[in-house]
Amino acid sequence: MTVVRPPETESRQVGVILERRKLDNPWVDHSWRPVQVLAGVPGSEPWTKLAEGDGWERFYAGVAELVLYRHESETYAYNIESAQPSVWVFLRNSDAAPGIALHGASVDPGEAHAHNDTGDDIVDFVPMPEAILEWVTDYVQRHPPTKEHYKRKRDRADPEALARRTRLYDSDPLRQVPEDE
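Thresholds, definitions, all that
Residues numbered from 1 in each chain as written. Predicted model: local features only at pLDDT ≥ 70, side-chain atom pairs only at ≥ 80, totals over all residues. Heavy atoms only, no water. Helix = DSSP H or I, 4+ residues; strand = E, 2+ residues; numbered from the N terminus. Buried < 20%, exposed > 50% of the residue type's maximum accessible area, 1.4 Å probe, protein only. Contact = heavy atoms within 4.5 Å. Pairing = 2+ DSSP bridges. Axes fitted to C-alpha atoms, helices over the stretch in contact; angles between N-to-C directions.

Peer 1: Looking at this model, I keep getting lost on the overall build of the protein. Mind explaining?
Peer 2: In terms of helices and strands, the protein carries 4 helices and 7 strands. The burial tally for the protein puts 29% of its 181 residues in the buried class. Counting contacts in the protein only where the partners sit at least 6 residues apart, residues at least 24 apart contribute 60% of the total.

As C-alpha cells, this is what we get:
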C-alpha cells in the first residue's frame, strides 16, 4: 500500500532504543521506557539486546519514521525552541514477545499529546539527536509557521427582525395582552 502525503512533507527513519527495568511492585514486574533515538537506522535486528545491568536491559526496538508536515511547523518550532528539544516515542502493550511494540515516534508535541490521551499508548520523550535537530530546524526555516487566522465578519443584526409582533385584544383596549396568553 502506497502512503500518499501532502506536498512539502518530509520523512526520516530513526532507530529507537528501549530500556526494560525490573520493578519492586506486586502487580507489575517491569516497565519499559525509551532512552535514546538514533539519527539513522542501524543494521541490527529489532529486539537485539544491547546492554544489561543490575535490574535493567536495553534493546534496539526497531525503526520509527519521523514525518514533518508543513501545517505543523508551528509546533515543531515550539519544540526546537524549548529548553530541551525532544522526540516522543509511542509504545503499545502487545501479546507477542517481548510484551511491548514500538508504535511510532514524532517531533510534534501535539501528536504526542493525542497519543497520550488514548490511554492505550505509553508516551515518553528522549532528547533530540543533533542531526534530527538540524533537520527539523532546516524544515521550519524553509516552511515558517504562518498565522493565517481569518476572522469572519458577522452580519449586523436587524433589531426589527427580533421584535415580537402581536395583535392586541380588540374587546378590551385597557388590557392590551397578546393573544397567545
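Moving on from the coordinates now.
Peer 1: I tried to follow the sheet that holds strand 6 (residues 100-106) on my own but got confused; where do I start?
Peer 2: In a beta sheet, neighbouring strands are held together by backbone hydrogen bonds and run either parallel or antiparallel to one another. As summarised here, the arrangement of the 3 strands in space is 6-5-7, forming an open sheet in which the pairing is antiparallel. Both outer strands of the open sheet, strand 6 and strand 7 (121-127), are each paired with one neighbouring strand and no more. Each neighbouring strand pair of the sheet contributes to a mean axis angle of 25 degrees, computed without reference to strand direction. In the sheet, strand 5 (residues 86-93) pairs with strand 6 via 6 bridges, with the strands oriented antiparallel. By the bridge assignment, Leu-91 is partnered in strand 6 with Leu-102.

Peer 1: Mind showing me how you'd approach the sheet that holds strand 3 (residues 48-53) here?
Peer 2: One open sheet holds the 4 strands; their spatial order is 2-1-4-3, and the pairing between them is antiparallel. Only two strands of the sheet have a single partner each, and these edge strands are strand 2 (30-38) and strand 3. Here the strands of the sheet are splayed against their neighbours by 35 degrees on average, with no regard to which way each runs. With 12 bridges connecting them, strand 1 (residues 10-22) and strand 4 (residues 56-68) associate as antiparallel partners. Residue pairing in the sheet places Arg-20 in a bridge with Glu-57 of strand 4.

Peer 1: Would you mind showing me how to read unusual backbone geometry here?
Peer 2: Peptide bonds are, in most cases, trans, and in most cases residues other than glycine have a negative phi. The linkage connecting Ala-97 with the following residue, Pro-98, adopts the cis geometry, with an omega of 10 degrees. Turning to its location among the elements, Pro-98 is positioned in the loop between strand 5 and strand 6. Look at Glu-8: it is not a glycine, yet its phi comes out positive at around 65 degrees. For Glu-8, the location among the structural elements is in the segment before strand 1. Residue Trp-47 is not a glycine yet carries a positive backbone phi of 70 degrees. By secondary structure assignment, the location of Trp-47 is in the loop between strand 2 and strand 3.

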